[in-house]
Amino acid sequence: MLATLVLPVLAGCRGSGPVAEEPPLVVTTFTVLADMARNVAGDHLRVESITKLGAEIHGYEPTPSDLRRVEGASLVLENGLNLERWSDRFLAGMPNLKRSTLTAGITPLPITEDAYRGKPNPHAWMSPRLAEIYVENIRRAFSELDPANAEEYRRRAQAYKDQLRALDLELRRELATIPAPRRVLASCEGAFTYLAKDYGLDEAYLWPVNSESQVTPQRMARLIATVRQRQVPAVFCESTVSDKVQRQVAEQTGARFGGVFYVDSLSGPQGEAPTLLKLQRHNVRTLIQGLKGS
């Protein structure tokens with residue numbers, strides 16, 4: 001009786017062939033980095049983000065399921081520049097897990113106001129030019145993790161860098177259509193410092209980073225004064241925070257609320273920013289439409 005139960009199972013195993021091993025798992029601290037990493041990884045690595053789509057990453061609180069997922073990872077990719085302060089505590093119990101900081105080699109721009117004055121602005125991925133450095137750091141990390149596929153990672157990284165360079169030229173041409181006096185990007189978070197430097201924009205915001213998203217009377221008054229003085233036609237906010245106060249700024253200044261930017265998180269697959277490249281195009285086109293009053 002035992003033989004008749006066991007033999008069919010064994011036959012089924014012989015017929016199915018060897019079970020393919022899953023590629024090594026790489027986890028990133030947020031969805032934008034996961035998109036960049038997948039462009040380099042191809043089918044050789046599995047890439048997952050610790051934080052979910054739409055999550056606010058500055059003050060993220062990891063869950064037990066996050067911990068279980070990371071325990072099976074071969075590599076963690078993180079932004080650095082004080083963005084994921086939660087990740088040091090989160091990963092403290094896994095000292096042997098390899099981590100790679102993707103802003104290595106980037107000269108950070110400092111935050112210039114409030115309690116964060118002098119600390120690095122972490123949003124360097126918002127510059128297509130600096131995103132190329134992220135991609136190169138991803139390539140190096142993947143090649144060290146999986147040397148057998150290093151040439152494939154090199155090829156894919158170069159192809160993605162070419163797309164970022166084309167994006168840079170595209171955004172530069174589009175933003176050049178905005179007259180200089182109108183080139184003011186007024187948002188909730190000061191997340192556009194690197195982008196503003198690249199394209200000759202002036203930046204104004206309600207708070208320097210989302211983890212300090214307290215709207216003090218001084219902060220609100222400062223932004224209102226800038227919008228009025230510069231006659232800014234539209235103000236904006238980011239997808240991961242409430243736009244309620246920014247809409248009040250619009251009401252008090254006569255500006256329009258021009259729409260939502262994506263910075264710290266991608267949208268879903270059917271949304272406006274399912275990849276970093278589409279995120280950048282969406283943001284710039286939303287900005288141009290707002291500043292042109294269209």
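Definitions and cut-offs
- Residues numbered from 1 in each chain as written.
- Predicted model: local features only at pLDDT ≥ 70, side-chain atom pairs only at ≥ 80, totals over all residues.
- Heavy atoms only, no water.
- Helix = DSSP H or I, 4+ residues; strand = E, 2+ residues; numbered from the N terminus.
- Buried < 20%, exposed > 50% of the residue type's maximum accessible area, 1.4 Å probe, protein only.
- Contact = heavy atoms within 4.5 Å.
- Areas by Shrake-Rupley, 256 points an atom, 1.4 Å probe, with all protein chains shown as cover.
- Lys, Arg positive; Asp, Glu negative; His and termini not counted.
- Charge placed at Lys NZ, Arg CZ, Asp CG, Glu CD.
- pLDDT = per-residue confidence, 0-100.
- Core = buried A, V, L, I, M, F, W, Y, C linked by side-chain atoms within 4.5 Å.
- Axes fitted to C-alpha atoms, helices over the stretch in contact; angles between N-to-C directions.
- Parallel < 35°, antiparallel > 145°, perpendicular 65-115°, else oblique.
- Nonpolar A, V, L, I, M, F, W, Y, C, P; charged D, E, K, R; others polar.
- Disulfide = S-S within 2.5 Å.
- Phe/Tyr/Trp six-rings, centres within 6.5 Å; stacked < 30°, edge-to-face > 60°.
- Lys NZ or Arg CZ within 6 Å of the ring centre and 35° of its normal.

Engineer: Which residues make up the overall build of the protein chain, and what values go with them?
Structural biologist: A tally of helices and strands in the protein chain yields ten helices and eight strands. With respect to the three principal axes, the spread of C-alpha positions in the protein chain is 85 × 35 × 35 Å. Relative to its 294 residues, the protein chain shows a buried fraction of 50%. Here the contacts in the protein chain between residues at least 6 apart in sequence split such that 62% fall between residues at least 24 apart. Entry remark: accessible area of the protein chain is about 14,000 Å², with carbon and sulfur atoms responsible for 53%. Each charge class in the protein chain was averaged separately, 36 positive and 34 negative side chains, and the resulting centres sit 4 Å apart.

Engineer: Kindly report on the confidence of the model for the protein chain, identifying the contributing residues and their values.
Structural biologist: Looking at the protein chain as a whole, the pLDDT averages 90, with 91% of positions reaching at least 70. Contacts from residues 1-15, a stretch scored under 50 in pLDDT, to residues over four places away or in other chains number one contact.

Engineer: Just give me the short version of the nonpolar core, but keep the residues and values in it.
Structural biologist: The biggest cluster of nonpolar side chains holds 59 residues, and the ones touching the most others in it are Met-36, Leu-77, Trp-125 and Phe-142. Looking at this core, the elements that each hand over two or more residues are α2 (31-41), β3 (75-78), α5 (128-145), α6 (150-175), α7 (193-199), β7 (234-238) and α10 (276-292). With residues up to four places along the chain from it excluded, the contact list for Leu-77 reads Val-26, Val-27, Thr-28, Thr-29, Leu-33, Ala-37, Ser-100, Leu-102, Ile-138, Ala-141 and Phe-142.

Engineer: Provide a residue-level description of the packing of α2 against α6, including the pertinent values.
Structural biologist: For the pair α2 and α6, the least separation of the axes is 7 Å and the interaxial angle reads 130°. Classified by the angle their axes make, α2 and α6 are oblique. For the pair α2 and α6, contact is made by Asp-35, Met-36, Arg-38, Asn-39, Val-40 and Ala-41 and by Tyr-153, Arg-156, Ala-157 and Tyr-160, respectively. Looking at the contact of α2 with α6 residue by residue, the classes come out as six nonpolar, one polar and three charged.

Engineer: Describe the state of the cysteines, listing the residues and the values that go with them.
Structural biologist: Under the definition given, this model contains one disulfide. Note that Cys-188 is cross-linked by a disulfide to Cys-237, the S-S spacing being 2.0 Å. What sets the handedness of the Cys-188 and Cys-237 disulfide is the S-S torsion sign, and at about -115° it is left-handed. Residue Cys-188 is located in strand β5 (residues 184-189), and its partner Cys-237 is located in strand β7; the two are separated by 49 residues in the primary sequence.

Engineer: Talk me through the packing of aromatic side chains; I want residue IDs and the actual numbers.
Structural biologist: All told, the structure shown has six aromatic pairs when counted by the stated rule. With centroids separated by 4.9 Å and ring planes inclined at 55°, the aromatic side chains of Phe-30 and Trp-125 adopt a geometry described as tilted. Here Trp-125 lies in the loop between β4 (98-101) and α5 and Phe-30 lies in the loop between β1 (25-28) and α2, a separation of 95 residues in the sequence. Summarising the burial analysis for this pair, Phe-30 and Trp-125 share the class buried. Ring-pair connections join several aromatic residues into one group, and the members of that group are Tyr-60, Trp-86 and Phe-90. Seen from the ring of Phe-257, Arg-247 lies directly overhead, with NZ or CZ sitting 4.0 Å from the centre.

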